[in-house]
Number of protein chains: 2
Amino acid sequence: MDLNTVEKGGRNAPTLASIAEKVGVSVNTVSRALRAPNTVRPELRRRINSAMEELNYVPNRLAGGLSSTRSDIVAVVVTSLYYSEFASIVDSLQSALLERDMQVMLANTRYDADQEQRLVRSLLSWRPTAVAIIGVDHPPKVVELLKASGIPIIEMWDTGGEVIDTAVGFDHTAVGAAQADHLIAGGYRRLAFVGSVRENDKRAQKRLRGLEDGAALAGLPRIVTHTDQQGGSSELGERLAHELLEYHPEIDAIACNSDVVAFGVLRALKKLGKRVPEDIGVVGFGDNEAASCVSPALTTIRPNRETIGKLTAEAIFARINGVPPSITLVDWKLVVRESAIRKETR
Amino acid sequence: MDLNTVEKGGRNAPTLASIAEKVGVSVNTVSRALRAPNTVRPELRRRINSAMEELNYVPNRLAGGLSSTRSDIVAVVVTSLYYSEFASIVDSLQSALLERDMQVMLANTRYDADQEQRLVRSLLSWRPTAVAIIGVDHPPKVVELLKASGIPIIEMWDTGGEVIDTAVGFDHTAVGAAQADHLIAGGYRRLAFVGSVRENDKRAQKRLRGLEDGAALAGLPRIVTHTDQQGGSSELGERLAHELLEYHPEIDAIACNSDVVAFGVLRALKKLGKRVPEDIGVVGFGDNEAASCVSPALTTIRPNRETIGKLTAEAIFARINGVPPSITLVDWKLVVRESAIRKETR
DNA sequence: TTGAAAGCGTTACCAG
DNA sequence: CTGGTAACGCTTTCAA
């Protein structure tokens with residue numbers, strides 16, 4: 001409003017004491033008026049509130065947290081923020097947390113194990129109420145730090161492994177198997193796997209394993225895999241598909257590690273004069289918002305990201321209230337579109 | 001490691017005092033060993049470090065922040081996390097901040113003004129070192145809170161308006177004008193605008209205005225706009241395009257408020273038997289990772305999100321070090337692909 | 001219903 | 001180079 005207020009700000013923001021003094025009560029009473037309004041006489045409460053409003057009082061949660069040893073910060077660790085990969089998990093988690101006035105402190109490891117350790121340590125130093133982290137495969141030191149913190153740890157997205165405390169996600173091996181099954185049901189026999197599979201992307205590795213097992217179970221020849229450490233992109237998909245078909249022209253189906261990669265694969269196939277789905281079937285993973293917009297429309301797996309975020313928030317609340325650890329499986333589904341049904345097969 | 005450690009954790013984590021006691025020095029010395037290692041005898045420093053390692057010491061930054069009145073938290077406020085809209089800004093910002101060991105505290109307003117006020121207040125209570133927020137148009141109360149906080153405020157993404165302190169972004173009106181210019185140069189004359197334009201999405205409104213002005217400047221008839229409050233999606237784009245062409249069959253070019261909407265528009269046009277770019281030109285905004293994968297490949301505007309994130313971090317550092325406020329324009333570019341060049345025109 | 005006093009775990013300041 | 005001692009702003013007993 002007026003410039004004086006503005007200039008004063010920062011250096012010496014109003015404290016509970018300022019309010020207390022102004023109203024003529026003790027710090028204590030002001031504090032209670034904030035946290036337990038009905039333990040304070042209504043008239044007094046009103047005066048306190050208006051004093052706060054007038055001085056533009058903003059509580060200092062650093063002090064509050066230090067004093068109460070509860071911080072209401074939730075540390076969230078993701079491995080990527082690109083391509084909607086985890087953005088909507090964070091989104092729904094944050095929005096659910098909001099109802100309890102909890103804040104998200106975000107860190108992104110970019111699939112780097114050292115970074116993960118550094119970030120977790122750093123995050124822990126804020127004494128979060130809980131940490132929500134992507135995946136169940138972490139370097140030993142990270143696991144140790146997390147365990148030693150004594151707070152609820154929610155591992156999200158993947159449940160296929162040893163969980164530290166509580167997990168909300170799904171089985172990525174099953175996803176790979178579903179890709180295989182769908183391709184096989186679509187009439188394809190010589191499967192390949194293509195995409196970015198980073199050393200630390202254990203989920204991608206699990207999906208690949210599921211795909212391999214699915215093919216083996218059906219008595220198909222060993223699947224051809226062609227991957228790269230570099231991050232997924234349509235350019236990568238295009239390149240990998242070109243290379244793949246050069247060396248393995250017999251391939252008639254390609255499972256991709258992400259939709260974006262699949263988009264590039266589709267582009268490569270078009271350039272090579274291969275018809276999809278007639279000559280080659282393609283299936284993606286992730287259900288990118290554009291999956292239905294490419295042609296042919298991409299058949300893919302849709303993980304339930306919103307639900308994972310929401311259930312993670314609920315798991316945090318539950319754990320804080322003493323509910324024992326748990327593992328929650330969140331459903332996903334195969335979204336059948338056009339890219340993996342052999343027309344002749346119908 | 002061993003379960004006892006684990007169980008003990010949380011409740012009484014090791015403090016500087018624990019370390020001090022163990023090593024037989026004062027708390028003070030331990031603190032300095034951490035923050036200014038070379039003010040402590042090397043041998044002592046080593047003993048302190050190993051004691052910390054052994055006890056799995058994690059500093060309590062709530063206490064540190066309270067004491068030093070510097071928190072190293074950067075509050076980041078976005079209006080959306082979907083569709084890579086701002087995810088990569090957050091990504092690059094966070095990664096740049098990491099070098100100074102600063103943490104991102106994230107909030108998402110989802111284009112809701114009340115939410116924005118609530119979130120900003122809440123964020124401010126953590127006494128962040130700076131706040132980075134999307135846009136320059138905020139409710140008066142938010143502006144007041146932000147100003148009163150006395151910390152550096154970096155407004156990102158948009159620079160077209162009154163800035164509180166410092167801004168890093170671009171002029172959205174110019175983007176709209178560029179869309180118009182490109183369509184006009186492509187040989188189109190009856191322009192339309194389609195997409196999700198929320199009441200609080202001032203950037204979208206500015207782009208629309210730029211488009212209108214561009215068309216007017218070229219002496220074209222008033223452009224037809226067909227928008228919705230609902231969030232952008234390909235379904236929305238498809239529906240809006242259908243409706244648009246039903247009432248305005250004369251339209252020969254559509255500028256979209258986002259690529260995802262444009263994807264839906266392309267789908268609608270295909271269903272209607274309209275050829276793109278021959279019959280109708282389409283241009284998007286955002287350069288979604290799939291823009292080059294739809295057919296025809298989408299011509300769109302590519303904002304430089306990474307740069308915005310990086311420069312925002314730099315602006316924060318600069319402001320903290322007393323460098324005066326500034327407005328930094330970040331370039332963007334028109335990525336010409338196939339959807340907006342009339343073949344006959346060539 | 002209200003207040004006084006003792007922390008919470010650091011950092012800052014000043015001596016030694 | 002090291003150690004006391006006082007904040008930092010709030011919450012938590014415990015009394016009144």
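See the structure shown above.
Keep in mind that what you see is a predicted model, and the values were worked out from it rather than measured.

Q: Teacher, can you tell me more about the overall build of chain A here?
A: In terms of regular secondary structure, chain A is built from 13 helices and 12 strands. Rg of the C-alpha trace for chain A: 26 Å, well past the compact-globule value of 20 Å for 346 residues, more than 25% over. Considering only contacts in chain A between residues 6 or more positions apart, those separated by 24 or more positions represent 70%. Surface exposure of chain A reaches about 14,200 Å², of which carbon and sulfur atoms provide 51%. The distance from the centre of the 42 positive side-chain charges to the centre of the 43 negative ones in chain A is 5 Å.

Q: Honestly, the protein's contact with DNA strand C in this entry has me stumped. Any pointers?
A: The full set close to DNA strand C counts 24 residues, and Asn28 and Thr29 of chain A together with Ser31, Tyr57 and Ser67 of chain B are the nearest of them. At a separation of 2.6 Å, a phosphate oxygen of DNA strand C approaches a polar side-chain atom of tyrosine 57 of chain B. Of all the elements in the fold, those that place two or more residues in the surface near DNA strand C are α3 (27-35) and α5 (61-68) of chain A together with α3 (27-35) and α5 (61-68) of chain B. Classifying every residue of the surface near DNA strand C by side-chain character gives 9 nonpolar, 12 polar and 3 charged.

Q: Before we go on, may I ask you to explain helix α8 (residues 140-149) of chain B in this structure?
A: Structurally, the α-helix is built with 3.6 residues per turn, so residues lying three or four positions apart point the same way. All names here are of chain B. In terms of burial, α8 is largely enclosed, as 7 of its 10 residues are buried. Among the residues of α8, Lys141, Val142, Glu144, Leu145, Leu146, Ala148 and Ser149 are the ones counted as buried. The first or second residue beyond α8 is glycine 150, which carries a positive phi of 75°.

Q: Help me understand the side chain of aspartate 259 of chain B, please; the structure alone is not making it clear to me.
A: Residue and element names in this part refer to chain B. Mapped onto the elements of the fold, aspartate 259 is located in helix α12 (residues 259-271). For the buried aspartate 259, no salt bridge is present, and the opposite-charge side chain at shortest range is arginine 337, 5.3 Å distant. A polar side-chain atom of aspartate 259 sits 2.8 Å from the main-chain amide nitrogen of phenylalanine 285. Among the polar contacts made by the side chain of aspartate 259, one reaches the side chain of threonine 300 at a distance of 2.6 Å.

Q: Whenever I open this one, the protein's contact with DNA strand D confuses me. Can you help?
A: Close to DNA strand D lie 23 residues; Leu16, Tyr57 and Ser67 of chain A together with Asn28 and Thr29 of chain B are nearest. Each atom of DNA strand D within 4 Å of the protein was assigned to sugar, phosphate or base; sugar and phosphate come to 60%. Here a base oxygen of DNA strand D sits 2.9 Å away from a polar atom, N or O, in the side chain of asparagine 28 of chain A. At 2.6 Å, a side-chain N or O of serine 31 of chain A approaches a phosphate oxygen of DNA strand D. Where the surface near DNA strand D is concerned, the elements lending two or more residues are α3 and α5 of chain A together with α3 and α5 of chain B.

Q: Teacher, can you tell me more about the sheet that holds strand β7 (residues 224-228) of chain A here?
A: Hydrogen bonds between backbone groups are what pair the strands of a sheet, and the pairing can be parallel or antiparallel. Residues and elements named next belong to chain A. The strand order across the open sheet formed by 4 strands is β7-β6-β8-β9, and the pairing between neighbours is parallel. On the outer flanks of this sheet lie β7 and β9 (281-283), each paired with one strand and no other. Along the sheet, successive strands turn relative to each other by an average axial angle of 15°, direction set aside. The strands that helix α9 (residues 172-185) touches are β6 (191-196), β8 (253-256) and β9; relative to β8, the one it contacts most, it runs at about 160°. Most of the contacts of helix α11 (residues 234-247) go to β7, to which it runs at about 145°, and overall it touches β6, β7 and β8.

Q: What is the right way to look at the relation of the copies chain B and chain A in this model?
A: Mapping between the two chain copies consists of a rotation about an axis together with a translation along that axis. Superposition record for chain B on chain A: RMSD 0.1 Å, screw rotation 180°, translation along axis 0.0 Å. These values place the two chain copies in the arrangement generated by a two-fold rotation axis. Of all interface residues in chain B, 100% are interface residues in chain A too; the two copies therefore contact each other through one and the same surface.

Q: Help me out: how do you make sense of the packing of helix α6 (residues 87-98) of chain A against helix α13 (residues 305-320) of chain A in this one?
A: Residue and element names in this part refer to chain A. Between α6 and α13, the least distance of the axes is 7 Å, while the angle of their chain directions is 40°. By the criterion of interaxial angle, the relationship of α6 to α13 is oblique. As for how α6 packs across α13, the hand of that crossing is right-handed. For the pair α6 and α13, the contacting residues are Ser88, Ile89, Ser92, Leu93, Ala96 and Leu97 in the first and Arg305, Glu306, Ile308, Gly309, Lys310, Thr312, Ala313, Ile316 and Phe317 in the second. For the contact of α6 with α13, the residue count by class is 8 nonpolar, 4 polar and 3 charged.

Q: It is not clear to me how the pattern of salt bridges should be interpreted in this structure. Could you clarify?
A: Any two side chains of opposite charge can pair, on the condition that their charged atoms come close. All names here are of chain A. According to the stated counting rule, one finds 44 salt bridges over all chains in the structure shown. Between aspartate 228 and arginine 239 there is a salt bridge, and its shortest N-O distance comes to 2.6 Å. Remark: arginine 239 occurs in helix α11 and aspartate 228 occurs in strand β7; sequence separation between them is 11 residues. Look at arginine 239 and you get partly exposed, because its relative accessible area is 35%. Here arginine 337 ties to aspartate 287 by a salt bridge, and the two come within 2.6 Å at their closest N and O atoms. Placement of the pair is arginine 337 in the segment after β12 (332-335) and aspartate 287 in the loop between β9 and β10 (300-303), with a sequence separation of 50 residues. Through salt bridges with shared partners, a single network forms among Arg41, Glu43 and Arg47.

Q: Just to check I follow, could you spell out the sheet that holds strand β3 (residues 130-134) of chain B for this structure?
A: The sheet built from 12 strands is open, its strands ordered β11(A)-β5(A)-β4(A)-β3(A)-β1(A)-β2(A)-β2(B)-β1(B)-β3(B)-β4(B)-β5(B)-β11(B) with mixed pairing. Only two strands of the sheet have a single neighbouring strand rather than two, namely β11 (327-329) of chain A together with β11 (327-329) of chain B. Pairwise comparison of adjacent strand axes, ignoring direction, gives a mean angle of 20° for this sheet.

Q: Looking at this structure, how should I read the pairing of strand β2 (residues 103-108) of chain B?
A: Each regular strand displays side chains that alternate between the two surfaces of the sheet. Of all 6 residues in β2 of chain B, 6 are buried; the element is thus mostly enclosed. Burial along β2 of chain B is two-sided: Gln103, Met105 and Ala107 of chain B and Val104, Leu106 and Asn108 of chain B, pointing in opposite directions, are all buried. Across 3 bridges, the pairing between strand β2 (residues 103-108) of chain A and β2 of chain B is antiparallel. The residue of β2 of chain B that forms the bridge with leucine 106 of chain A is valine 104 of chain B. Where strand β1 (residues 73-78) of chain B and β2 of chain B come together, 6 bridges link them in parallel fashion. The residue of β2 of chain B that forms the bridge with alanine 75 of chain B is methionine 105 of chain B. In this region the chain leaves β1 of chain B, passes through helix α6 (residues 87-98) of chain B and returns to the parallel neighbour β2 of chain B; the handedness of that crossover is right-handed.

Q: What is the right way to read empty space enclosed by the protein from this model?
A: Rolled over the atoms, a probe with the dimensions of a water molecule shows which regions are left empty. Residue and element names in this part refer to chain B. Evaluation of the coordinates by the stated rule reveals 1 cavity of 30 Å³ or more. There is about 30 Å³ of room inside the largest cavity. Composition of the lining of the largest cavity by domain shows at least three residues from each of domain 2 (73-170 + 304-331) and domain 3 (172-303 + 335-345).

Q: Sorry, what's going on with the packing of aromatic side chains here?
A: Aromatic ring pairs are defined here through the distance separating the ring centres and the angle between the ring planes. Residues and elements named next belong to chain A. One pass over the structure, following the stated rule, counts 6 aromatic pairs over all chains. Each ring, one from tryptophan 157 and one from phenylalanine 170, has its centre 5.1 Å from the other, and the planes form 75°; the classification is edge-to-face. With tryptophan 157 in strand β4 (residues 153-158) and phenylalanine 170 in strand β5 (residues 166-170), this residue pair connects regions lying 13 residues apart in the sequence. Residues tryptophan 157 and phenylalanine 170 agree in their burial class; the two are buried. Residues tryptophan 157 and phenylalanine 285 carry aromatic rings whose centres are separated by 6.2 Å and whose planes lie at 65° to one another, so their mutual orientation is edge-to-face. Residue tryptophan 157 is found in strand β4, and its partner phenylalanine 285 is found in the loop between β9 and β10; the two are separated by 128 residues along the sequence. Each member of the aromatic cluster is reached from another via a ring pair, and the members are Phe86, Trp157, Phe170 and Phe285. Sitting over the face of the ring of phenylalanine 317, arginine 100 holds its NZ or CZ atom 3.8 Å from the ring centroid. Directly above the ring of phenylalanine 285 sits arginine 207, whose terminal nitrogen or CZ lies 3.9 Å from the centroid.

Rules used throughout
- Residues numbered from 1 in each chain as written.
- Chains lettered and ligands numbered in written order.
- Predicted model: local features only at pLDDT ≥ 70, side-chain atom pairs only at ≥ 80, totals over all residues.
- Heavy atoms only, no water.
- Helix = DSSP H or I, 4+ residues; strand = E, 2+ residues; numbered from the N terminus.
- Rg over C-alpha atoms; globule rule 2.2 N^0.38 Å.
- Contact = heavy atoms within 4.5 Å.
- Areas by Shrake-Rupley, 256 points an atom, 1.4 Å probe, with all protein chains shown as cover.
- Lys, Arg positive; Asp, Glu negative; His and termini not counted.
- Charge placed at Lys NZ, Arg CZ, Asp CG, Glu CD.
- Near = heavy atom within 4 Å.
- Polar contact = N/O pair within 3.5 Å; in protein donor to acceptor, adjacent residues only side chain to side chain.
- Nonpolar A, V, L, I, M, F, W, Y, C, P; charged D, E, K, R; others polar.
- Buried < 20%, exposed > 50% of the residue type's maximum accessible area, 1.4 Å probe, protein only.
- Salt bridge = Lys/Arg side-chain N within 4 Å of Asp/Glu carboxyl O.
- Pairing = 2+ DSSP bridges.
- Axes fitted to C-alpha atoms, helices over the stretch in contact; angles between N-to-C directions.
- Least-squares fit on C-alpha atoms with pLDDT ≥ 70 in both.
- Parallel < 35°, antiparallel > 145°, perpendicular 65-115°, else oblique.
- Left-handed = near helix turned anticlockwise from the far one by under 90°.
- Right-handed = clockwise from strand over helix to strand, strands pointing away.
- 1 Å grid on protein atoms, 1.4 Å probe; cavity = no way out; pocket = protein on both sides within 12 Å on 5 of 7 lines; lining within 4 Å.
- Points joined across faces, edges and corners; volume = space filled by probe spheres on them.
- Domains from an automatic or database assignment.
- Phe/Tyr/Trp six-rings, centres within 6.5 Å; stacked < 30°, edge-to-face > 60°.
- Lys NZ or Arg CZ within 6 Å of the ring centre and 35° of its normal.

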